[in-house]
Amino acid sequence: MKHLIDKLYETKSLEKQEFIELIQNRSKDDEEYLFKLARGVSQKIFGNKIYLRGLIEFTNYCRNDCYYCGIRKSNQNADRYRLSKEEILSCCEQGHKLGFRTFVLQGGEDGYYTDEKIVDIVSSIRQEYPDCAITLSMGEKSRKSYQKFFDAGANRYLLRHETANEEHYKKLHPENLSLQNRKRCLMNLKEIGYQVGCGFMVGSPFQTVQNIAEDLLFIKELSPQMIGIGPFIAHHDTCFANEPNGSVELTLFLVAVIRLMIPNALIPATTALGTLDRRGREQGILAGANVLMPNLSPVKVRKKYALYDNKICTGEEAAECNVCLRNRVSSVGYEIIENRGDFKEI
Ligand code: 5AD
Ligand code: FES
């Protein structure tokens, strides 16, 4: 498959059929060749620097009922919590001391946080930490709401598309959610001026190689600043409790493919990767990822934000993960950089 990898490297994309062929016929040698190219591209743009994003999981209430997700509305066993504005600000304070210059507010779609509340929280963070980027990840909202948050000082928004195939989307989500609306949200965010992140789970139930090729083409078309992919991991209280987990190896392969497609993208080595493999995040970096998203949530709520089973770093303080991550990053020859790590045009 070397010829397809070379073509991908040179033209930054492939035809759908070529993506399928590459994924289906990849060998260990192809993988090494691809990783090496992806690392080279990443190092040329970012050097050996890895960006940190401090993740604040501020609510696990969710009005949605996605079949794969541990905090889905119908999971009666989820122990629900919300962080107050003061708690969120104190996470930021702690993160700022540890060198974080990006805060990611992530949560379920929780009606308790009205636009006014979010605007208030975002403005306060903006005021206290003018040198930091604020990223939101709170699902589908109206364009008007997105605009209000942006005006209050938010810079980036993460909204994984989950799958770019309509039929597959329906197999992962209840009737009231649609791929069309998801895409509309992503377009709105982009038009407003956010740096936007999309992404998908590798090995989600019913996913085919064709679907993955469609995801890659969708990513190419949207051309987002950030792309988050991680393996699907079953959660015991969901419809997909007995489904097999996604493949770490395929996830790493796709991280590298995406690095070649969008050389300057911000691509995290996800916590899900680290959950399925002890060195998953390090391997992610070696496949071309350049972002880590450690948890800044108070330890008392961490286990409650369980999107999937066995999530790592739910018992550690932010400071502990910070030391741990620095060691992990340097073990593969990279270094954490303490700045906002904005997307740069090339
Ligand atoms: N396994 C892996 N990733 C998951 N997510 C949600 N549930 C799971 C799961 N069971 C991902 C989704 C979502 C992101 C916040 O977490 O892709 O967009
Ligand atoms: Fe959290 Fe290692 S990064 S314990």
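About the thresholds
Residues numbered from 1 in each chain as written. Chains lettered and ligands numbered in written order. Predicted model: local features only at pLDDT ≥ 70, side-chain atom pairs only at ≥ 80, totals over all residues. Heavy atoms only, no water. Near = heavy atom within 4 Å. Polar contact = N/O pair within 3.5 Å; in protein donor to acceptor, adjacent residues only side chain to side chain. Areas by Shrake-Rupley, 256 points an atom, 1.4 Å probe, with all protein chains shown as cover. Nonpolar A, V, L, I, M, F, W, Y, C, P; charged D, E, K, R; others polar. Helix = DSSP H or I, 4+ residues; strand = E, 2+ residues; numbered from the N terminus. Phe/Tyr/Trp six-rings, centres within 6.5 Å; stacked < 30°, edge-to-face > 60°. Buried < 20%, exposed > 50% of the residue type's maximum accessible area, 1.4 Å probe, protein only. Lys NZ or Arg CZ within 6 Å of the ring centre and 35° of its normal.

Draft legend 1. Molecular detail of the site of ligand 1. Close to ligand 1 lie Tyr68, Cys69, Gln106, Arg160, Glu162, Met201, Pro231, Phe232, Ile233, Leu307 and Tyr308, which account for all nearby residues. Note that a nitrogen atom of ligand 1 is positioned 3.0 Å from one of the backbone N or O atoms of Tyr68. Residue Glu162 places a side-chain N or O atom 2.5 Å away from an oxygen atom belonging to ligand 1. If ligand 1 stood free it would expose 400 Å²; the protein chains cover 87% of that surface. Residue composition of the shell around ligand 1, grouped by class: eight nonpolar, one polar and two charged.

Draft legend 2. Up close: unusual backbone geometry. With a phi angle near 50°, Ser223 is a residue other than glycine that sits in the positive phi range. Residue position: Ser223 is located in the loop between α9 (209-222) and β7 (226-231).

Draft legend 3. Representation of the packing of aromatic side chains. Tallying each qualifying case throughout the model produces ten aromatic pairs. Their ring planes at 80° and their centres at 6.4 Å tell us that Phe232 and Phe240 sit as a pair that is edge-to-face. Both residues of the pair, Phe232 and Phe240, count as buried. Among the aromatic residues, those joined into a cluster by ring pairs are Tyr67, Phe206, Phe232 and Phe240. Over the face of the ring belonging to Phe253 we find Arg26, whose NZ or CZ atom lies 5.5 Å from the ring centre. A cation over a ring is seen here: Lys117 above Tyr112, with NZ or CZ 4.3 Å from the ring centre.

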